Amino acid sequence: MSALEPRDADIDADADVAATHSPGPRAAYDDTKGSVLDGDHRALSIGIVSVVLLIAFEATAVGTAMPVAARELNGVSVYAFAFSAYFTTSLFGMVLAGQWSDRRGPLGSLATGMTAFAAGLLLSGTAASMWMFILGRAVQGLGGGLVIVALYVVVSRAYAEHLRPAIMAAFAASWVVPSVVGPLAAGTITEHLGWRWVFVGIPALVVIPLALALPAIRRTASGPADPAAPVAPWDRRQIGLALAISAGAGLLQYAGQELRWLSLLPAAAGVALLVPAIRGLLPRGTVRAARGLPSVILLRGIAAGSFIAAESFVPLMLVTQRGLSVTLAGLSLAVGGLTWALGSWIQSRPWTEPYRERLVVLGMVLVALAIAAAPSVLIAAVPVWVVAAAWAVGCLGMGAVIASTSVLLMKLSPPEEAGANSAALQISDGLSNVLLLAAGGAAFAALGGGAVGHAVSSHAATGSHPAAFAAVFLPMAGVAAVGAWVATRLRTEPTRA
């Protein structure tokens, strides 16, 4: 699996945003009949599930091809930036999509987002330099942010409440097959045709889901939620804060990769933008892990950021330090798709509800142990399958944690605050990804990580800079361990004996 886009459990969290929008005509009536594949919903269901399937395939495929792309573009030293650029711009895209969908319906946001998503892939696939490649990832992230929010507005409007769990389950299932097929297909294409074909080939597939989804969305979920109501103005303050948080995160990422005294200037500018934006977009008490909702939102960021920052370097570590092909390196993460779904399923069982907080603590412990175990393969005597086993355990924990934070968010949010709190959850997720990737990338570059790039094409393990990888994984394991403590503060009141 890759770190680029929201996965099955993340999709459950994004559904919280959609659930807060006013229902459309089909969701307004109380009807307990029908299914997501009946005559009224079949075309729409197939169309939007196809969009998710494409995003899932792209996520897993691009992650597999990334080490070779970074090496050929002489950009291994800024490897983390290729991942965090996506998250940086998606933060802005999500806020923009929410307002766009409320004012005009999700159709425009979805169509524009898919177009930007494809354009970003083409830009990266034809890039002549690493910074052009990263620009393509940024354009793609903007499109991804527009798409993911619009999809769940569609679900909230076009499906009655009793049908939404089924379509969400279909979204989650859409990630399982790409988790296995994506790395294999991308690795084969990369080794025989070149990494660029992974990027430039995927946009051609965009036409199919759009052709299926857009006409159905136009019939069922287009236009404002309440056509008779006046169109609400754009919330310029929220858009400004979203732009500030994206720009600030990007400046910090740039400063962390450059590692020069002059980098203190963009770092200071990034902090100056981030601090007021975080205060304006996240609930009070989030940074200090106040009990209840603030800790739920903080935990979401800690879990997603630490895991994704570590996962981004797994294929590169296996290729450069243990000599695996890009195909095998990508497949080492494939089983995680199944265990992530299993973790999500376990937390959804009724018998787990009284123990949800304990389940989240256990999940974070599994995540911390998995991240800490992964760099053990830097020791030649440790078999490489240890990474696959560790990541399967970590994904099991993540499946339980990420889905549970979504459940707890809605449980702790009054109806009139559910929208703002759902947005805060996504911002915590995306911002933590950017910041921890920046920190990990800076540590990797500072310890000579860029020098491992020549091993990517030769499949020859260098073994010369294991400390650069250890400097990414071990601190992230520590961050995940802190998350286990934050998970003890999810209840509004501490549990009494």
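Basis of the calculations
- Residues numbered from 1 in each chain as written.
- Predicted model: local features only at pLDDT ≥ 70, side-chain atom pairs only at ≥ 80, totals over all residues.
- Heavy atoms only, no water.
- Helix = DSSP H or I, 4+ residues; strand = E, 2+ residues; numbered from the N terminus.
- Buried < 20%, exposed > 50% of the residue type's maximum accessible area, 1.4 Å probe, protein only.
- Contact = heavy atoms within 4.5 Å.
- Areas by Shrake-Rupley, 256 points an atom, 1.4 Å probe, with all protein chains shown as cover.
- Phe/Tyr/Trp six-rings, centres within 6.5 Å; stacked < 30°, edge-to-face > 60°.
- Patch = residues over 30% accessible without salt bridge, like charges linked within 9 Å, V, L, I, M, F, W, Y side chains within 5 Å.
- Salt bridge = Lys/Arg side-chain N within 4 Å of Asp/Glu carboxyl O.
- Core = buried A, V, L, I, M, F, W, Y, C linked by side-chain atoms within 4.5 Å.
- Axes fitted to C-alpha atoms, helices over the stretch in contact; angles between N-to-C directions.
- Parallel < 35°, antiparallel > 145°, perpendicular 65-115°, else oblique.
- Left-handed = near helix turned anticlockwise from the far one by under 90°.
- Nonpolar A, V, L, I, M, F, W, Y, C, P; charged D, E, K, R; others polar.
- pLDDT = per-residue confidence, 0-100.

## Thoughts on the overall build of the protein chain
- For the protein chain, the count of helices and strands is 21 helices and zero strands.
- Scored against the burial criterion, the 497 residues of the protein chain give a buried share of 58%.
- Taking the intrachain contacts of the protein chain between residues at least 6 apart in sequence as the baseline, contacts between residues at least 24 apart amount to 86%.
- For the protein chain, the exposed surface amounts to about 18700 Å²; the carbon and sulfur share of it is 68%.

## Looking at unusual backbone geometry
- Unlike most non-glycine residues, Ala289 shows phi in positive territory, near 60°.
- Within the fold, Ala289 resides in the loop between helix 12 (264–281) and helix 13 (293–311).
- Residue classification places Ala289 among the buried residues on the basis of a relative accessible area of 3%.

## Let's talk about the side chain of Thr88
- Topologically, Thr88 is positioned in helix 4 (residues 79–104).
- In contact with Thr88, not counting residues within four places along its chain, are Ser246, Ala249, Gly250 and Val434.

## Side note on the packing of aromatic side chains
- The full count for this structure, using the stated rule, is seven aromatic pairs.
- Taking 5.0 Å as the distance between ring centres and 70° as the angle between the ring planes, the aromatic pair formed by Phe444 and Phe469 counts as edge-to-face. Within this pair, whereas Phe444 is found in helix 19 (residues 418–446), its partner Phe469 is found in helix 21 (residues 466–486), the two being separated by 25 residues in sequence.
- The buried category is assigned to Phe469, whose relative accessible area is 0%.
- Here a set of aromatic residues connected by ring pairs shows up, and it is made of Phe133, Trp195 and Phe199.

## Description of a nonpolar patch on the surface
- Together, Leu37, Ile46, Leu205, Ile208 and Leu212 give the surface a local cluster of nonpolar side chains, amounting to about 430 Å² of exposed area.
- No other element matches helix 10 (residues 203–220), which puts three residues into the nonpolar patch.
- Relative to the helices and strands, Ile208 resides in helix 10.

## Some thoughts on the pattern of salt bridges
- Under the criterion given, the structure shown has one salt bridge.
- One salt bridge in this structure joins Asp429 and Arg300, with 2.9 Å as the shortest N-O distance. Here Asp429, found in helix 19, pairs with Arg300, found in helix 13; they are 129 residues apart in sequence, far enough to count as distant. When sorted by exposure, Asp429 lands in the same class as Arg300, which is buried.

## Observations regarding the nonpolar core
- Core analysis: the largest hydrophobic core is formed by 124 residues, its most contacted members being Ile48, Phe133, Ile245, Ile371, Trp391 and Phe473.
- The greatest single-element share of this core, amounting to 15 residues, is contributed by helix 3 (residues 42–72).
- In this structure, Ile245 is in contact with Leu91, Leu274, Ala277, Ile278, Leu281, Ile427 and Leu431, ignoring residues within four places of it in sequence.

## Looking at the packing of helix 13 against helix 17 (residues 356–373)
- Following both chains from N to C, one finds helix 13 and helix 17 inclined at 20°, their axes separated by 10 Å at the closest point. With respect to their mutual orientation, helix 13 and helix 17 come out roughly parallel. You can see that helix 13 and helix 17 cross each other, and the crossing is left-handed. Contacts between helix 13 and helix 17 involve Leu299, Ile302, Ala303, Ser306, Phe307 and Ala310 from the first element and Val360, Met364, Val367 and Ile371 from the second.
- Partitioning the contact of helix 13 with helix 17 into residue classes produces nine nonpolar, one polar and no charged.

## A look at the confidence of the model for the protein chain
- Of the residues in the protein chain, 79% reach a pLDDT of 70 or more, and the chain-wide mean stands at 77.
- For the protein chain, helix 2 (residues 25–28) is the element with the lowest average pLDDT, namely 41, and helix 17 is the one with the highest, namely 94.
- Confidence over residues 1–31 falls short of pLDDT 50; this stretch has 118 contacts with residues more than four positions distant or in other chains.
- Within the model, the stretch residues 454–463 combines pLDDT values under 50 with 27 contacts to residues more than four positions away or in other chains.

## Points about the environment of Gly305
- Looking at the element boundaries, Gly305 is found in helix 13.
- The class of Gly305 is buried, set by a relative accessible area of 0%.
- Separated by 125 residues in sequence, Gly305 and Gly430 place their C-alpha atoms 7.7 Å apart.
- Residue contacts for Gly305: discarding those within four places in its chain leaves Ser432, Asn433 and Leu436.

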